[in-house]
Amino acid sequence: MGEESRLAAVVALAQGMAAVHSSREAWRAAAGGARRALGGSFAALSVWERELGRLRVLVNVGELAEGEEEFPEDESYPVHQFAEITEFLHERWAGGGEPDAWVETAQGPEEGRAGYCHQRVAALRRRGRGCCVVAPIVLHGRAWGELYVARPVGEPVFGPADADFATVLAAVVAAGIAQTERLEEARRLAFTDSLTGLANRRAVDARLDEAVELHRRDGAVVSLVVCDVNGLKRVNDTLGHSVGDRLLERFGTVLSLCGAMLPGALAARLGGDEFCLLAVGPSADEVVKAADEVCRRAVELDIGDGVACGVASTQDPIGPVRSARRLFRLADAAQYRAKAERAAHPVVAGREGPDDPVVRLADEPSREADGERRRFRGRHAPG
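Summarised in this report is the structure supplied together with it. Treat the numbers as computed from the prediction; the structure is a model and nothing was measured.

**A look at empty space enclosed by the protein**
A probe matching the size of a water molecule, rolled over the atoms, marks out where space remains unfilled.
Item 1. Across all of its chains, the model carries one cavity of 30 Å³ or more by this definition.
Item 2. Counted as a void, the largest cavity has a volume near 30 Å³.
Item 3. Taken together, Val-229, Asn-230, Leu-247, Phe-251, Ala-298, Leu-301, Ile-303, Gly-304, Asp-305, Gly-306 and Val-307 form the lining of the largest cavity.
Item 4. Tallied by class, the residues present in the lining of the largest cavity amount to seven nonpolar, three polar and one charged.

**Describing the pairing of strand S4 (residues 102-105)**
Item 1. Of the two faces of S4, the one holding Trp-102 and Glu-104 and the one holding Val-103 and Thr-105 are both buried throughout.
Item 2. Across four bridges, S4 lies against strand S5 (residues 129-139) in antiparallel orientation. Within the sheet, the bridge partner assigned to Glu-104 lies in S5 and is Cys-132.

**Section: the packing of helix H7 (residues 232-239) against helix H8 (residues 241-259)**
Item 1. Where H7 contacts H8, the axes come no closer than 7 Å and their chain directions differ by 145°. Every residue of H8 that contacts H7 at Leu-232, Val-235, Asn-236 and Leu-239 is listed here: His-241, Val-243, Gly-244, Leu-247 and Leu-248.
Item 2. Counted by class, the contact of H7 with H8 contains six nonpolar, three polar and no charged residues.

**Thoughts on the sheet that holds S5**
The strands making up a sheet associate through hydrogen bonds between their backbones, and the pairing can be parallel or antiparallel.
Item 1. Reading across from one edge, S3-S2-S1-S6-S5-S4 is the order of the six strands in this open sheet, with antiparallel pairing throughout. Of all strands in the sheet, those with a lone pairing partner are strand S3 (76-78) and S4, marking the two edges. Between one strand axis and the next, the sheet turns by 25° as a mean value, whatever way the strands run.
Item 2. Sheet topology note: the strand S2 (residues 54-62)/S3 ladder contains three bridges and is antiparallel. Counterpart to Arg-54 in the pairing with S3 is Pro-78.
Item 3. With respect to the sheet, helix H2 (residues 23-38) is in contact with strand S1 (42-49), S2, S5 and strand S6 (142-152), its orientation differing from that of S2 by roughly 65°.
Item 4. Strands in contact with helix H5 (residues 160-190) are S1, S4, S5 and S6; relative to S5, the strand with the most contacts, it is inclined by about 45°.

**Some words on unusual backbone geometry**
Item 1. Of note in the backbone geometry, Arg-342 takes a positive phi value of approximately 50° without being a glycine.
Item 2. With respect to the element layout, Arg-342 can be found in the loop between helix H10 (324-340) and strand S11 (347-348).

**Quick word on the pattern of salt bridges**
Item 1. For the structure shown, the criterion picks out 24 salt bridges.
Item 2. In this structure, the salt-bridge partner of Asp-193 is Arg-269, at a minimum N-O distance of 3.3 Å. In this pair, Asp-193 is assigned in the loop between H5 and helix H6 (201-218) and Arg-269 in strand S8 (residues 266-271), connecting sequence segments 76 residues apart. There is no split in this pair, since Asp-193 and Arg-269 are both buried.
Item 3. Members of the salt-bridge network, linked through shared partners, are Glu-49, Arg-54, Arg-56 and Asp-74.

**A closer look at H8**
Item 1. In a regular helix each residue adds 1.5 Å, so 19 residues correspond to 27 Å; H8 covers 26 Å between its end C-alpha atoms and thus fits that length.
Item 2. Of the residues making up H8, those classed as buried are Val-243, Gly-244, Leu-247, Leu-248, Phe-251, Gly-252, Val-254, Leu-255, Cys-258 and Gly-259.
Item 3. Buried residues along H8 sit against strand S7 (222-229), H7, S8, strand S9 (274-280), helix H9 (284-299) and strand S10 (307-313).

Conventions adopted
Residues numbered from 1 in each chain as written. Predicted model: local features only at pLDDT ≥ 70, side-chain atom pairs only at ≥ 80, totals over all residues. Heavy atoms only, no water. 1 Å grid on protein atoms, 1.4 Å probe; cavity = no way out; pocket = protein on both sides within 12 Å on 5 of 7 lines; lining within 4 Å. Points joined across faces, edges and corners; volume = space filled by probe spheres on them. Nonpolar A, V, L, I, M, F, W, Y, C, P; charged D, E, K, R; others polar. Buried < 20%, exposed > 50% of the residue type's maximum accessible area, 1.4 Å probe, protein only. Helix = DSSP H or I, 4+ residues; strand = E, 2+ residues; numbered from the N terminus. Pairing = 2+ DSSP bridges. Axes fitted to C-alpha atoms, helices over the stretch in contact; angles between N-to-C directions. Contact = heavy atoms within 4.5 Å. Salt bridge = Lys/Arg side-chain N within 4 Å of Asp/Glu carboxyl O. Expected span 1.5 Å × (residues − 1).

Bear in mind that shape data such as this cannot, by itself, settle questions of function.
This is the structure in structure tokens:
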């Protein structure tokens, strides 16, 4: 491969990693791009898990051997079986050398050359591969893992120029991984409530839009629990905002624990004293049971005055739910009714007959026209 071709391969690898949106996509793009750049039939990306003393495979791409999976659940190897990751990276690198790539062949090390990893030689033979090039990946100044590219028996063996090129590719991969980690952290912060660690309103809106679309397409049951922590203002005014924050944090923990009763449920703080649970799949009765547990546990907190909970589920007789906004209005109206009546248990939209007051309140034209939530605060409680 000429210099121009290698430069083009580096650019393609960098662009491929820059275009992805998750770690798994980045791993696949890294391994796939390196495999193509080096003319390999197979490539893998592995991470060094220091605390567990193992090298764990993140992704395999290309021609997979028997037993290999693209994203293996637990393909890992004790680091002591791959001594080069410690000897090469630490002894040589710490001694002033560079974290350069190296080549292994199915024939084993040349006479007079120390064989870093006899296990790799055995693995090459077992999987019908003739050679491999291994490139350390260094992230934030530390050994992060390795990039591995192999060719089958009968193909040209990797040479020193290939090892040098693999070192360059590993540096590009490291930069791509660092960028993906930064983006994921930024996304995590953008969708996380800083006080409680729960999801925030932005995360709920995104998930609920997807859930309602799934309901419209496949009939999936979508349920929303809206909770309002009682007594927060009193706590803030009499005990201070730090105690109020502690109440919100503790209720967030309660909500998270109860949400675990519903597989895949999203627990979130909408803002101020408002929280919610979003569940897709569980029945309406299961969601009401979880909401009832939220109410029970909230009363047991030694600060605050419990919680008001409203529930709206597409499985209940609430009429067609064609938008996330309507389900929110229904759960919000149910929560308002629970608040006004000081209910000890959740109020569930649609369960009081054809003229259900919660559904009627949620669907009032004045509410439909006004995009803001809580616009019925201050009105008389529904009868």
